[in-house]
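Residue-level structural notes
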Amino acid sequence: MSRVPLKRALISVYDKTGLHQLAGTLHEAGVEIVSTGSTAATISAAGVPVTPVEAVTGFPECLGGRVKTLHPAIHAGLLADVRDPGHRRQLDDLRLAPFQLLVSNLYPFTQTVARGSDAAECVEQIDIGGPAMVRAAAKNHANVAVITSPGAYDSVAAAAAAGGFTLDERRRLAAQAFAHTARYEAAVASWFASVYAPDETAAQTGWPDVAAAVWGRRDVLRYGENPHQRAALYLAAEYLAADGAGAGGVATAELLHGKAMSYNNYVDADAAWRAVGEFGEACVAIIKHSNPCGIAVADDVAAAHRKAHACDPVSAFGGVIAVNRTVTAELADQIAGIFTEVIVAPGYEPAALDTLMRKKNQRLLRCASPAEDAGRGSAEWRQIGGGLLMQSPDTVSEPGDRSAGWRLAAGPAADAAVLADLDFAWRACRSVKSNAILLASGLASVGIGMGQVNRLDAARLAVIRAGERAAGSVAASDAYFPFPDGLELLAEAGVRAVAEPGGSVRDDEVIAAAAAAGISLYVTGVRHFWH
């Protein structure tokens, strides 16, 4: 029979959540409990009989707790394959008993690093005995079940009542255990290589010589970008156990209503969240195929949405809407008349939910506010054939007045209103795929040229989409103008001011074109490519 009755359990946990109940359940089932240090003390304080590990090893806990379970009497009990007569004879000769259950979780290394502890304290929180036991029990899953999370304690009670875990259950638990130790070791390896023992390049550049991570599957998706492609959603290890609207970005957002998210939904929702994340003001972005078809800021989200939608109402059909504030009833009423695939926001007024939930397929996501979004981490990863690229995020939230560091290269100095529009356009342009030109007026986009293979076409597309609204607008270019033709096209359309990084070998020609047209040209000194 595949079930192995639970007769003897080893419990050694840092996280004591649910320990009283677990120990009580095992005791009532007649299971002998062996435990270590503070875990044993907690079990004993609950009135449950427990055998201290030193009574098994005949050796006291030592070195400040560094050595407790690293002993043959423990590891033989975890690794003995009792199906093997030779193993059983050796256990008898050594007067050792096998374990059928290990419950263990590890020292809080990642939490210690996250709270800014010094290197010595982080090293002290590198668990040795815990991973050794977990791996031993997982290897011997034919005979031993291993539990690494308090969330799985209910399964122990069920197994004890049923006569033990089945082989399939032990295999699944072993897979979870190996993933648990892999995540732990990956975190230690990455931290150790980058902080405690960087190589020369890492010390000079800040990039570690080792970048290790383990991702856990959260969902299997219906398909990928196209129906013939398979797809799944994976989360970074630290977000796997998160409940509700986690701080890990769109991947951990809570689906409040609607159909399951698709691959393309996630890609577009992430682009939308990126777009609104740069703004402290109430901001709404409408995204199609990872590009904004409208983005605006205003005093309230309903006004911001009206301005964003007006940029390109045709393309807004079937789009994804991101809001960096709570969705109000007024905004919900506006959205209700427009076919929208996904709405992502940090919260929704009850009346807004009532309105939006009338469409059964419309997806409503609740995500941590951009300011709280820990998913916007210190590095971005992109897979390429045979490797991985890493870079720091492109942010434009410089302290103070962003335009204060800009250089007026041509034309008259812009007034405060024009500078405010330029500042908005410059931040919004960051969320447009390169090559990108964004026209803005009244703190809203009015025309966007995105993803073009030359900057002239990007400018032409932005002007075409803006139509009459191009006259009197301002423009932001995510990179320099390689020739004056793009800027000349904007000037002919009536654009009054432009912000661009500068840095072209033909900057003088571009500046001369701006001066000839009488438009204000500001050089930002920063580029915002997004490929």
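Before reading further, recall that the structure is shown in the block above.
Rules used in this analysis
- Counting restarts for each chain, with residues numbered from 1 along the sequence as it is written.
- Reporting of local features is limited, given that this is a predicted model, to residues whose pLDDT is at least 70; pairs of side-chain atoms are given and counted only at 80 or more, and all residues count toward the totals for whole chains, interfaces and linings.
- By convention in this description, side-chain values take in all heavy atoms of the structure and omit both hydrogens and water.
- Strands are runs of DSSP state E lasting at least two residues, helices are runs of H or I lasting at least four, and both sets are numbered from the N terminus onward.
- Exposed residues in this analysis have more than 50% of their type's maximum accessible area, buried residues have under 20%, and partly exposed residues fall in between, with area computed by a 1.4 Å probe over protein chains only.
- The contact criterion used is simple: two residues touch if any of their non-hydrogen atoms lie within 4.5 Å.
- We get accessible surface area from the Shrake-Rupley algorithm with a probe of 1.4 Å; when it comes to residues, only the shown protein chains can shield them.
- Charge counting treats Lys and Arg as positive and Asp and Glu as negative, with His and both chain ends excluded.
- Throughout, a charge is located at the NZ atom of Lys, the CZ atom of Arg, the CG atom of Asp or the CD atom of Glu.
- Two strands qualify as a pair provided DSSP detects at least 2 bridges between them.
- With the strands aimed away from the viewer, a crossover counts as right-handed if its path from the first strand over the helix to the second runs clockwise.
- Multiply 1.5 Å by the residue count of a helix minus one, and that product is the helix's expected span.
- Pairs of N or O atoms within 3.5 Å make up the polar contacts considered here, provided that, within protein, one atom can donate a hydrogen while the other can accept it, and that residues adjacent in sequence are counted only when both atoms are side-chain atoms.
- Interaxial angle, 0 to 180 degrees, is taken between N-to-C directions of lines fitted to C-alpha atoms, where a helix line uses only the stretch in contact.
- Here is the rule for angles: anything less than 35 degrees is roughly parallel, anything more than 145 is roughly antiparallel, 65 through 115 is roughly perpendicular, and the remaining ranges are oblique.
- By the convention adopted, Pro, Cys, Tyr, Trp, Phe, Met, Ile, Leu, Val and Ala count as nonpolar, Lys, Arg, Asp and Glu as charged, and the other residues, Gly among them, as polar.
- In the sections that follow, a salt bridge refers to a side-chain nitrogen of Lys or Arg positioned within 4 Å of a carboxyl oxygen of Asp or Glu.

**Digging into the overall build of the protein**
- When its secondary structure is counted, the protein shows 20 helices and 21 strands.
- For the protein, the spread of C-alpha atoms along the principal axes amounts to about 95 × 60 × 45 Å.
- Per-residue burial over the protein gives 47% buried out of 531 residues.
- Counting only contacts in the protein whose residues sit at least 6 apart along the sequence, the fraction spanning at least 24 positions is 57%.
- Looking at the protein as shown, the accessible area adds up to about 24,700 Å², and 52% of this sits on carbon and sulfur atoms.
- Both charge centroids of the protein, one from 46 positive and one from 56 negative side chains, sit 8 Å from each other.

**Points about the pairing of strand β12 (residues 340–345)**
- Counting buried positions along β12 yields 5 of 6 residues, so the element is predominantly enclosed.
- Relative to β12, strand β11 (residues 319–323) is paired through 4 bridges, and the arrangement is parallel. Following the sheet pairing, Val 320 is matched in β12 by Val 342.
- Tracing the backbone out of β11, into helix α15 (residues 329–336) and back to the parallel element β12 gives a crossover that is right-handed.
- By the bridge criterion, 4 bridges tie β12 to strand β13 (residues 363–366) in an arrangement that is parallel. Across the sheet, Ala 345 pairs through a bridge with Arg 366, a residue of β13.

**Considerations on helix α17 (residues 416–429)**
- Over its 14 residues, α17 extends 20 Å from the first C-alpha to the last, a length consistent with the 20 Å expected when each residue adds 1.5 Å.
- Buried residues dominate α17, accounting for 10 of its 14 residues.
- Every buried residue belonging to α17 is among Val 418, Asp 421, Leu 422, Asp 423, Phe 424, Ala 425, Trp 426, Arg 427, Ala 428 and Cys 429, and all of these are buried.
- If you follow the buried residues of α17, they end up packed against β10 (291–298), β17 (437–440), β18 (445–449), β19 (474–477), β20 (497–500) and β21 (520–523).
- The distance from a side-chain oxygen at the start of α17 to the backbone nitrogen of Ala 417 is 3.2 Å, and the residue carrying that oxygen is Asp 415.

**Re the side chain of Ser 12**
- Inspection of the secondary structure assignment puts Ser 12 in strand β1 (residues 8–13).
- Residues within four places of Ser 12 in sequence aside, it is in contact with Thr 36, Thr 39, Val 103, Ser 104, Asn 105 and Met 133.

**Quick word on unusual backbone geometry**
- In the segment running from Ser 434 into Asn 435, the intervening peptide bond is cis, with an omega of -10 degrees.
- Mapped onto the elements, Asn 435 comes out in the loop between α17 and β17.
- Positive phi, normally seen in glycine, also occurs at His 289, with a value near 50 degrees.
- Tracing the backbone shows His 289 in the loop between β9 (282–288) and β10.
- Look at His 289 and you get exposed, because its relative accessible area is 67%.
- The backbone phi angle of Ser 290 is positive, close to 75 degrees, even though this residue is not glycine.
- Inspection of the secondary structure puts Ser 290 in the loop between β9 and β10.
- Of the residues examined, Ser 290 reaches a relative accessible area of 9% and is grouped as buried.

**With respect to the packing of helix α13 (residues 301–311) against α15**
- In contact at an axis separation of 8 Å, α13 and α15 are set at 25 degrees when each is read in the N-to-C sense. With respect to α15, the element α13 is oriented roughly parallel. Across the interface between the two elements, Val 301, Ala 302, His 305 and Arg 306 from α13 touch Glu 330, Leu 331, Gln 334 and Ile 335 from α15.
- Residues of the contact of α13 with α15, tallied by class, amount to 4 nonpolar, 2 polar and 2 charged.

**Some words on the environment of Ala 499**
- Examined against the element boundaries, Ala 499 turns out to sit in strand β20.
- Measuring from C-alpha to C-alpha, the distance between Ala 499 and Glu 509 comes to 16 Å, with 10 residues separating the pair along the chain.
- Aside from chain neighbours lying at most four places away, what touches Ala 499 is Trp 406, Leu 422, Trp 426, Ala 475, Ala 476, Ser 477, Tyr 522 and Thr 524.

**Considerations on the sheet that holds β13**
- Spatially, β8-β13-β12-β11-β9-β10 is the arrangement adopted by the 6 strands of the open sheet, whose pairing is mixed. In this open sheet, the two strands that pair with only one neighbour each are β8 (254–257) and β10. Geometrically, the sheet is characterised by an average inter-axis angle of 20 degrees between neighbouring strands, direction not taken into account.
- In this sheet, β11 lies alongside β9 in antiparallel orientation, the contact comprising 4 bridges. Bridge pairing links Val 284 to Val 323 in β11.

**Details of the pattern of salt bridges**
- Evaluated as defined, the whole model comprises 12 salt bridges.
- Arg 171 is the partner of Asp 168 in a salt bridge, and the nearest nitrogen-oxygen pair spans 3.6 Å. Separated by 3 residues within a single helix, Asp 168 and Arg 171 lie in helix α10 (residues 167–196), roughly one turn from each other.
- Accessibility expressed as a relative area gives 46% for Asp 168, which makes it partly exposed.

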